[in-house]
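Residues per chain, in single letters:
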Amino acid sequence: MTPFQAALAAGRDRYNARFRLAKHRSRQLDANAFLDHLRQDVGPAVNAAAAQGGDPVAVTEALVDLAFATHGRPPAGLAQLLPALARFVAAEPRRVAVTMANALHHLESGGDAPSWIAAMTAVAPMVESTEELLDAGGVAAWRHGLAVLRASALDTARRLRPEVLTVLLGASEVDSSDPWRAPGEAGTPRLRVVRRVGQFRGFGGTFARPPLVFTSGGRWHASDGHETWRIHVDRFGTSLNRVAQVPPDASSSGLSLSRDGTVQFGQSSLEVPELAGATSWATLDNTLAATTPWTHAITFVAWTP
């Protein structure tokens, strides 16, 4: 009998009662699918943690609770990740499992979850504590698409050892001055289109009508006349979060946009025909963002390598 089987058998009556209650609350909960999840996903994670000195009962409790919370459908990739993190699951089963599940949930909708899993699997043997693992997870989540984490990830990166940071980012230190420069990246700055963000809500996007872009409080925002969103955007990804209406900042960057779609910065210029006749544009640091009447996308142009 495996450690998981023994732990499950010891709590069988209690788990069965919990399943009946959960089934009463959610008709979508399927008994066969739930059991398959326990055998195929939870069992290997519990056994791996037990091999690292973890208490099989405590780990089983934590992972079964998570299974109930997700109706037996945890984020894809969690079953692959938890055995790779067995040392940390053994030490703090509930905290590690829930944090990893939450990260995967956000990455599924706004990032590259498989690449994040690969990064966490690669770095797990190197980190020395659960705290360091979670710090690494936050930096890796930013690197693999969650631009909303940029500020916190940059702070966290300063706490990580250079060798850990190199595995996560490909460089032993990060430069926070340019959101479009990858860590360790060098080159001569030039004007270039770096990102297009947003699409029509009717096609699964955010905006009901072509938006207007502006900055407020030193952050990017956009409004379609009905709702306002804060835009988190950088080299690695994009996220839009609905916010209350906010007042716009005055533009203070040296970037500008002409009516024919030419972006100007000092003596350098870039023709961006799609921005001709722009309805709005704003600047922040080394970046200009603009909108037009003909698309629901916001185009970002930056002075960057």
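Residues numbered from 1 in each chain as written. Predicted model: local features only at pLDDT ≥ 70, side-chain atom pairs only at ≥ 80, totals over all residues. Heavy atoms only, no water.

Caption draft 1: Broad picture of the overall build of the protein chain. Broken down by element type, the protein chain carries eleven helices and eleven strands. Projected onto its principal axes, the C-alpha positions of the protein chain cover 75 × 45 × 25 Å. Here the protein chain holds 305 residues, and 46% of them are scored as buried. At a minimum sequence separation of 6, the contacts of the protein chain that also span at least 24 residues come to 61%. (Helix = DSSP H or I, 4+ residues; strand = E, 2+ residues; numbered from the N terminus. Buried < 20%, exposed > 50% of the residue type's maximum accessible area, 1.4 Å probe, protein only. Contact = heavy atoms within 4.5 Å.)

Caption draft 2: Inspection of the sheet that holds strand S9 (residues 280–284) at higher detail. Read across the open sheet, the four strands follow the order S1-S11-S10-S9; overall the sheet is antiparallel. Unpaired on one side and paired on the other, strand S1 (190–197) and S9 mark the two borders of the sheet. Taken over all neighbouring pairs, the strand axes of this sheet differ in orientation by 20° on average, direction set aside. Where S1 lies against strand S11 (residues 298–304), seven bridges are found, and the strand directions are antiparallel. Bridging from a neighbouring strand, Arg196 pairs with Thr299 of S11. (Pairing = 2+ DSSP bridges. Axes fitted to C-alpha atoms, helices over the stretch in contact; angles between N-to-C directions.)

Caption draft 3: Spatial organisation of the side chain of His232. Summarising the element assignment, His232 is placed in strand S4 (residues 228–233). At a separation of 3.3 Å, a polar atom in the side chain of His232 contacts the side chain of Asn241. Beyond its immediate sequence surroundings of up to four residues, His232 is in contact with Ala147, Val148, Gly237, Thr238, Ser239 and Asn241. (Polar contact = N/O pair within 3.5 Å; in protein donor to acceptor, adjacent residues only side chain to side chain.)

Caption draft 4: Structural detail: the packing of aromatic side chains. This model, assessed by the stated rule, comprises eight aromatic pairs. Judged by centre distance (5.4 Å) and plane angle (55°), the ring pair of Phe19 and Phe34 falls under tilted. Of the two residues, Phe19 sits in helix H2 (residues 12–25) while Phe34 sits in helix H3 (residues 31–51), which places them 15 residues apart along the sequence. Among the residues examined, Phe19 registers a relative accessible area of 17% and is labelled buried. Aromatic pair Phe207 and Trp229: ring centres 5.2 Å apart, planes at 90°, arrangement edge-to-face. Of this pair, Phe207 sits in the loop between S1 and strand S2 (212–216) while Trp229 sits in strand S4, and the two are 22 residues apart along the sequence. Per residue, the accessibility class of Phe207 equals that of Trp229, and both read buried. Stacked on the ring of Tyr15, the Lys or Arg Arg14 has its end atom at 5.0 Å from the ring centre. (Phe/Tyr/Trp six-rings, centres within 6.5 Å; stacked < 30°, edge-to-face > 60°. Lys NZ or Arg CZ within 6 Å of the ring centre and 35° of its normal.)

Caption draft 5: Expanded view of the pattern of salt bridges. Scanning all chains against the criterion turns up 15 salt bridges. Here Asp65 makes a salt bridge to Arg94, at a shortest N to O gap of 2.7 Å. Taken together, the residues Asp65 in helix H4 (residues 56–69) and Arg94 in helix H7 (residues 93–110) connect sequence positions 29 residues apart. Overall, the relative accessible area of 41% leaves Arg94 in the partly exposed class. In this structure, the salt-bridge partner of Arg95 is Glu131, at a minimum N-O distance of 2.6 Å. (Salt bridge = Lys/Arg side-chain N within 4 Å of Asp/Glu carboxyl O.)

Caption draft 6: Up close: the sheet that holds strand S7 (residues 262–265). Pairing is antiparallel in the open sheet, where three strands are placed in the order S6-S7-S8. One side of each edge strand has no neighbouring strand; the edge strands of this open sheet are strand S6 (255–257) and strand S8 (268–271). Going from strand to strand, the sheet's axes swing by 20° on average, the running direction of each strand aside. As paired elements, S6 and S7 share three bridges and run antiparallel to each other.

Caption draft 7: Main features of H4. With 14 residues, H4 should reach 20 Å at 1.5 Å per residue; the first-to-last C-alpha distance of 20 Å fits that figure. Looking only at H4, the buried set comprises Val59, Thr60, Glu61, Ala62, Leu63, Val64, Leu66, Ala67 and Phe68. Those residues of H4 that are buried lie in contact with helix H1 (3–10), H2, H3, helix H5 (78–84), helix H6 (86–91) and H7. The N-terminus of H4 is capped by Asp55, whose side-chain oxygen sits 3.0 Å from the backbone nitrogen of Val57. Of the residues trailing H4, His71 is marked for its positive phi of about 55°. (Expected span 1.5 Å × (residues − 1).)

Caption draft 8: How the structure looks around the pairing of S7. Connecting the antiparallel pair S6 and S7 is a turn made up of four residues, with Gly261 showing a positive phi of about 90°. With four bridges connecting them, S7 and S8 associate as antiparallel partners. From the neighbouring strand, Val263 faces S8, where its bridge partner is Leu270.

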